[in-house]
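# Commentary on secondary and tertiary structure
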Amino acid sequence: MPVYQPQHVEYAIANGRVTIVADDGEQIPAYWSHPDIGGKFPALAILHDWWGITAVERRLAHLFAQLGYYVIVPDLFDGEVARTPEEAYKLVEAKGARSYSRVDTALRVIEHHTRTDGNSAAVGLGMGGSLAYEAAVTRADLEGAVAFYGFPQRYFGKFKAAKAPILAIYGSNDPFINAASINRLRRELGESPLPHEVVTLDGAARDFFAERLTPDDTQQPGSLAWQKTLTFLE
């Protein structure tokens, strides 16, 4: 993970666990991180992969908050965290059907929070990347969506009508998303008038944000993805 951004202002941050209350009264657990200073900031919802909220999502939340974003990470699995693919699959089977409604609620709440400026984006990893795609093709109030190794197949045929700019980042060695799918995604996004971008990181697979990086590791996949993301959001 990148740990130093000398070209950006860095804020002291506050973070912790909160509860989002949906319109129907459902209580959604979440993690949040934000600058510990007055003023209004752009909003981000970070959408976790099928493992649940892990140190990766929390670290990303901290990094974005340090750079001036108000961040919320809705917990789609109610605090459960998978340690194996089999456990992750069971969580998706048990709780996946309601995931997007929770994402939609989190985006609406964070966008209208008193400490945000009305600009919002969704940033997702794996399963969360797929949910970021869904937000981009269904919501008209997002400024952007970033999908790290999300699954685009479900949304083929819909991308050209996306309502928000999309940044999609994949590793060239992704074991689940092949080059043909990435090329189709690139073609469909190219039919849209919005400034979409698809990036392939040479030699990377998945989970490239799990790397432990130092400030000098600017060519590591996680650092490259981070740099692309900051440029896109800014």
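Residues numbered from 1 in each chain as written. Predicted model: local features only at pLDDT ≥ 70, side-chain atom pairs only at ≥ 80, totals over all residues. Heavy atoms only, no water.

### Topic: helix 6 (residues 221-233)
Our working definition: Segments assigned H or I by DSSP are reported as helices when at least four residues long, segments assigned E as strands when at least two residues long, and all are numbered from the N terminus. An expected span of 1.5 Å times one less than the residue number is assigned to each helix. Working definition: with a 1.4 Å probe on protein chains only, accessible area under 20% of the residue-type maximum means buried, over 50% means exposed, and in between means partly exposed. In this description, contact between two residues means that some pair of their heavy atoms is separated by no more than 4.5 Å.
Given a rise of 1.5 Å per residue, 13 residues ought to cover 18 Å, and the 18 Å separating the end C-alpha atoms of helix 6 matches this to within 8%. When we look at burial in helix 6, the residues that qualify are Pro221, Gly222, Ser223, Ala225, Trp226, Thr229, Leu230, Phe232 and Leu233. Contacts made by the buried residues of helix 6 are with strand 3 (41-47), helix 1 (55-66), strand 5 (116-125), strand 6 (144-148), strand 7 (166-171) and strand 8 (197-201).

### Points about the pattern of salt bridges
For clarity, the threshold we go by: Every case where a carboxyl oxygen of Asp or Glu lies within 4 Å of a side-chain nitrogen of Lys or Arg is listed as a salt bridge.
Tallied over the full model, the rule gives 13 salt bridges. With a closest N to O distance of 3.2 Å, Asp104 and Arg108 form a salt bridge. Pair noted here: Asp104 and Arg108 are both in helix 3 (residues 99-111), with a separation of 4 residues, about one helical turn. Residue Asp174 is joined to Arg206 by a salt bridge in which the shortest nitrogen-to-oxygen separation is 3.0 Å. Placement of Asp174 in the loop between strand 7 and helix 5 (179-190) and of Arg206 in the loop between strand 8 and helix 6 is noted, with a sequence separation of 32 residues between them. Where salt bridges share partners, they join Glu26, Asp78, Glu80, Lys95, Arg98 and Arg102 into one cluster.

### Some remarks on the packing of aromatic side chains
Inclusion rule: Only rings of Phe, Tyr and Trp enter the pairing, Trp through its six-membered ring, and a pair is recorded when the two centres are within 6.5 Å. The plane angle decides the type: under 30 degrees is stacked, over 60 is edge-to-face, the rest tilted.
Throughout the structure, instances matching the rule amount to 13 aromatic pairs. Aromatic side chains Tyr133 and Phe159 sit 5.1 Å apart centroid to centroid with 80 degrees between the ring planes, which places their arrangement in the edge-to-face category. With Tyr133 in helix 4 (residues 127-138) and Phe159 in the loop between strand 6 and strand 7, this residue pair connects regions lying 26 residues apart in the sequence. Under the relative-accessibility criterion, Tyr133 is labelled buried at 1%. Note on Phe159: relative accessible area 0%, which makes it buried. Taken together, the ring pairs connect Tyr133, Tyr155, Phe156 and Phe159 into an aromatic cluster.

### Some remarks on the packing of helix 3 against helix 4
Threshold: The convention used is that axes are lines fitted to C-alpha atoms, helices contributing only their stretch in contact, and that angles between N-to-C directions extend from 0 to 180 degrees. Helix crossings fall into two classes, left-handed where the near helix is turned counterclockwise from the far one by less than a right angle and right-handed where it is turned clockwise. Note on residue categories: nonpolar means Ala, Val, Leu, Ile, Met, Phe, Trp, Tyr, Cys or Pro, charged means Asp, Glu, Lys or Arg, and polar means any other residue, Gly included.
Closest axis-to-axis distance for the helix 3/helix 4 pair is 10 Å, and the angle between their directions is 65 degrees. For the element pair helix 3 and helix 4, the recorded crossing hand is right-handed. Of the residues in helix 4, those in contact with Ser99, Tyr100, Val103 and Leu107 of helix 3 are Leu131, Glu134, Ala135 and Thr138. Of the residues assigned to the contact of helix 3 with helix 4, the class counts are 5 nonpolar, 2 polar and 1 charged.

### Regarding the confidence of the model for the protein
Under the convention used in this document: Confidence of the predictor at the level of single residues is given by pLDDT, which spans 0 to 100.
Taken over all residues, the pLDDT of the protein has a mean of 90, while the share at 70 or more is 93%. Here helix 6 stands out as the least confident element of the protein, with mean pLDDT 91; strand 6 is the most confident, with 98.

### Thoughts on the packing of helix 1 against helix 6
Put simply, the test is: Roughly parallel means an angle under 35 degrees; roughly antiparallel means over 145; roughly perpendicular covers 65 to 115; every other angle is labelled oblique.
Following both chains from N to C, one finds helix 1 and helix 6 inclined at 45 degrees, their axes separated by 13 Å at the closest point. Relative to helix 6, the element helix 1 lies oblique. Between helix 1 and helix 6 lies a crossing of right-handed hand. Note on element contacts: helix 6 touches helix 1 through Trp226, Thr229, Leu230 and Leu233, opposite Leu60, Leu63 and Phe64. Among the residues forming the contact of helix 1 with helix 6, the class breakdown is 6 nonpolar, 1 polar and no charged.

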